[in-house]
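This is what each chain is made of:
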Amino acid sequence: MSKIIVVTSGKGGVGKTTTSAAFATGLALRGIPTVVIDFDVGLRNLDLVMGCERRVVYDFINIINGEGNLNQALIKDRRVDSLYILPASQTRNKDALTLKGVAKVLEALKKRFEYIICDSPAGIEHGAIMAMYFADEALIITNPEVSSVRDSDRIVGMLASKTRRAVQDMAPVKEYLLLTRYSAKRVENGDMLSVDDVTDILALPMLGIIPESESVLHASNSGTPITLDNESDAGMAYLDVVARFLGEDPPVRKKKSLFSRLIGR
Amino acid sequence: MSFLHYFIKEEGPSSALIAKERLQIIVAHERRQRDGAVTTQLDRILPQLQQEILDVVKKYMKIGNEDVKINVEQEGKYEVLELNIILPENELKLRHKKVHET
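Not measured: the values here are computed from a predicted model.

The rules behind each value
Residues numbered from 1 in each chain as written. Chains lettered and ligands numbered in written order. Predicted model: local features only at pLDDT ≥ 70, side-chain atom pairs only at ≥ 80, totals over all residues. Heavy atoms only, no water. Axes fitted to C-alpha atoms, helices over the stretch in contact; angles between N-to-C directions. Helix = DSSP H or I, 4+ residues; strand = E, 2+ residues; numbered from the N terminus. Parallel < 35°, antiparallel > 145°, perpendicular 65-115°, else oblique. Left-handed = near helix turned anticlockwise from the far one by under 90°. Contact = heavy atoms within 4.5 Å. Nonpolar A, V, L, I, M, F, W, Y, C, P; charged D, E, K, R; others polar. Salt bridge = Lys/Arg side-chain N within 4 Å of Asp/Glu carboxyl O. Buried < 20%, exposed > 50% of the residue type's maximum accessible area, 1.4 Å probe, protein only. pLDDT = per-residue confidence, 0-100. Buried area = accessible area lost by both parts, 1.4 Å probe. Polar contact = N/O pair within 3.5 Å; in protein donor to acceptor, adjacent residues only side chain to side chain.

Draft legend 1. Main features of the packing of helix 10 (residues 195-202) of chain A against helix 1 (residues 15-34) of chain B. Running from N to C, helix 10 of chain A and helix 1 of chain B point in directions that differ by 15 degrees, and their axes come no closer than 10 Å. Taken together, the axes of helix 10 of chain A and helix 1 of chain B lie roughly parallel to each other. Our pair here, helix 10 of chain A against helix 1 of chain B, has a crossing hand that is right-handed. Along the contact surface, helix 10 of chain A presents Asp197, Asp200, Ile201 and Leu202 of chain A, while helix 1 of chain B presents Lys20, Leu23, Gln24, Val27 and Arg31 of chain B. For the contact of helix 10 of chain A with helix 1 of chain B, the class distribution of residues is four nonpolar, one polar and four charged.

Quick look at the structure:
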């Protein structure tokens, strides 16, 4: 039974696309057939983050409009076997997404993939609702910062009212919180909301904490999902997120102290 | 920032604590608006409920109109009806004695 997972946040720039790319790649690294869809019609970027921007010919909207078939639009990742990308259209706008059209494409994808990751656009308008509507589960991406936390709570409200599961009185969308751009040092100094602060306010199960890291920028610069850089702290954190999502219990990673780094252990 | 600033610990709560408190208030408020139907109904009966509780307590002890406070708060997925009655101190002692006597 395949699952549809929306990666959402309300606020922009918190790491939805980075997470969509990293999470989908992490699942595919386990050999699980996974597709990641860009719902940000008109402002597509998943292709860039995944490093396949020059291979886009047909897109999501073409498929909805019957201007091409799914196999023409799906881009197979060159690094990870069971990973595919469905890019958004860059020339249309969000109104090109219709419930009927999205349903049709998702139904077709369900036949081939175990996980369908929907990378939501920012905001709470049509595009974001289209991305979340058919979701079974949701990763809510939050930065430890007031505007992001407030917007995440708003999104939680929408998941409980605007999705198919809500409208059709099914079991609610299963929600997970993913805290990104976290700086333990700033939390220690009292300059940043802590993990406990955020979970206190949002009351969502925590799937993982991604540290603020230069490696995320390096990864997007080169079009490599951060989970392929398993040397980086953020890459390892995302791999742990995938493990936790799959029901495993990865050990807590201790940050290397300056001393152990000096002696190379 | 001056060099000295580095060594002087800033007074008052940390900015993270302020952020948390502000968020708790605004998020609770917005959740209440969001879950409109149920809450507006609760909000409507709240003043009447407060008056009736006040009347009942007044039967037994001397309290003022503002000594009964009633509030609905959102805690996670639950709504908590918070009731606060401030009892007059000497009245309490009196009642306490009576209980012991009987």
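Draft legend 2. Looking closely at the pattern of salt bridges. Under the definition given, this model contains 15 salt bridges over all chains. Among the salt bridges present, the one from Glu67 of chain A reaches Arg92 of chain A, with a minimum N-O distance of 3.2 Å. You can see Glu67 of chain A sitting in the loop between helix 3 (60-64) and helix 4 (70-73) and its partner Arg92 of chain A sitting in the loop between strand 4 (83-86) and helix 5 (99-110), a full 25 residues away along the chain. Look at Glu67 of chain A and you get partly exposed, because its relative accessible area is 40%. For Glu30 of chain B, the salt bridge is made with Arg150 of chain A, and the minimal N-O distance between the two is 2.6 Å. Linking Glu30 of chain B in helix 1 with Arg150 of chain A in helix 7 (residues 146-159), this pair reaches from one chain into another. Residue class for Arg150 of chain A comes out partly exposed when judged on its relative accessible area of 34%.

Draft legend 3. Local environment of the confidence of the model for chain B. Residue and element names in this part refer to chain B. In the predicted model, chain B carries a mean pLDDT of 75, and the fraction of residues at 70 or more is 68%. Looking over chain B, one finds the lowest element-wise mean pLDDT in helix 3 (residues 89-101), namely 60, and the highest in helix 1, namely 90. Model confidence for the complex: the whole-complex pTM is 0.78, and ipTM, which rates the interface, is 0.82.

Draft legend 4. Region of interest: the interface of chain A and chain B. At the junction of the two partners, chain A supplies 15 residues and chain B supplies 13 residues. Summing the contributions of chain A and of chain B, the shared interface buries around 1300 Å²; its carbon and sulfur component is 59%. Area buried by chain A at its contact with chain B is led by Arg150, Asp153 and Ile201 of chain A, which between them contribute 42% of it. Where chain A packs against chain B, one counts five salt bridges. Of the charged contacts, one joins Arg31 of chain B and Asp153 of chain A as a salt bridge, the two residues approaching to 2.6 Å between their closest N and O atoms. Taken together, chain A and chain B are joined by nine residue pairs in polar contact (both at pLDDT 80 or more). For the side of chain A that touches chain B, the element with the highest residue contribution is helix 7 of chain A, accounting for six residues. In terms of residue class, the side of chain A that touches chain B is made up of seven nonpolar, two polar and six charged.

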